[in-house]
Amino acid sequence: MTKGDLMSGIDKILVSREEISKKVKELGERISKDYKGQDLLLVGVLKGAVVFMADLLREITIPVEVDMISVSSYGSGTDSTGIVKIVKDLDVNIKDRHVLIVEDLIDTGLTLQHLKELLATREPLSVKVCTIFDKPTRRIVDVPIEYNGISIPNYFVIGYGLDYAGEYRNLPDLCTMKQI
Ligand code: IMP
Ligand code: MG
């Protein structure tokens, strides 16, 4: 793939920036209502959730704290290995706090399941999940998603934080890739 032309690997736009933005606003409103008066910590999953986190944060109208965790589940290819490991842990203590995991996309659910189990051992008051994208047909493990954004078909997608081999995260729309 040639460096220097961001659009060269793109097949088509699957979810436009306008649709994404509308959904993010909706999720922010729901979260603000549901957690009103509570101590809420948003935990973003690096690196994919960075773009969503930045947008979601600004649609939340109650006080929140933000932290990030990095869990690696994919190599540089397009298929889940099922292997997950903590690459960067949280900075803050989550004991007795309400935690909301912020994800870019739930695919097999393996990463999320692992992360929820890990965070639960630290005795938070609650651990819930907010994702902007969901590929329900790919699920291997059933994990409840309290705030589910936009369901998409089983394509490998890039943009809005999601990458292929580290690239394309800066595309504002969610796109499918050309077959390479
Ligand atoms: P899961 O463990 O299979 O649910 O997937 C975990 C993570 O893999 C997601 O949160 C994404 O960051 C990444 N991922 C899954 N599907 C895609 C995709 O189509 N494009 C880019 N990244 C993906
Ligand atoms: Mg992710």
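Residues numbered from 1 in each chain as written. Chains lettered and ligands numbered in written order. Predicted model: local features only at pLDDT ≥ 70, side-chain atom pairs only at ≥ 80, totals over all residues. Heavy atoms only, no water.

(A) Local environment of helix 2 (residues 50-57). For helix 2, the set of buried residues is Phe52, Met53 and Leu56. Relative to the axis of helix 2, the buried residues are bounded by an arc of 100° and lie together on one face. Packing partners of the buried residues in helix 2 comprise helix 1 (17-34), strand 2 (40-46), strand 3 (64-72), strand 5 (98-106) and strand 6 (126-134). (Buried < 20%, exposed > 50% of the residue type's maximum accessible area, 1.4 Å probe, protein only. Helix = DSSP H or I, 4+ residues; strand = E, 2+ residues; numbered from the N terminus. Arc of directions from axis to C-beta. Contact = heavy atoms within 4.5 Å.)

(B) Region of the structure containing the site of ligand 1. Taken together, the neighbourhood of ligand 1 is formed by 17 residues, with Asp104, Leu105, Thr108, Thr111 and Val157 sitting nearest. A distance of 2.7 Å separates an oxygen atom of ligand 1 from a polar atom in the backbone of Leu105. Protein chains bury 92% of the 480 Å² of accessible surface belonging to ligand 1 in isolation. Only strand 5 and helix 3 (110-120) provide two or more residues apiece to the shell around ligand 1. Ranked by the residues each element gives to the shell around ligand 1, the list is headed by strand 5, at 4 residues. Along the lines of polarity and charge, the residues of the shell around ligand 1 split into 8 nonpolar, 4 polar and 5 charged. (Near = heavy atom within 4 Å. Polar contact = N/O pair within 3.5 Å; in protein donor to acceptor, adjacent residues only side chain to side chain. Areas by Shrake-Rupley, 256 points an atom, 1.4 Å probe, with all protein chains shown as cover. Nonpolar A, V, L, I, M, F, W, Y, C, P; charged D, E, K, R; others polar.)

(C) How the structure looks around the side chain of Asp173. Tracing the backbone through its elements, the reader meets Asp173 in the loop between strand 8 (157-158) and strand 9 (174-177). Exposure remark for Asp173: the relative accessible area of 6% places this residue in the buried category. A distance of 2.7 Å separates the side chain of Asp173 from the backbone nitrogen of Arg17, its partner in a polar contact. Leaving out residues up to four positions away in the same chain, Asp173 has contacts with Ile13, Val15, Ser16, Arg17, Ile20, Ile158, Gly159 and Tyr160.

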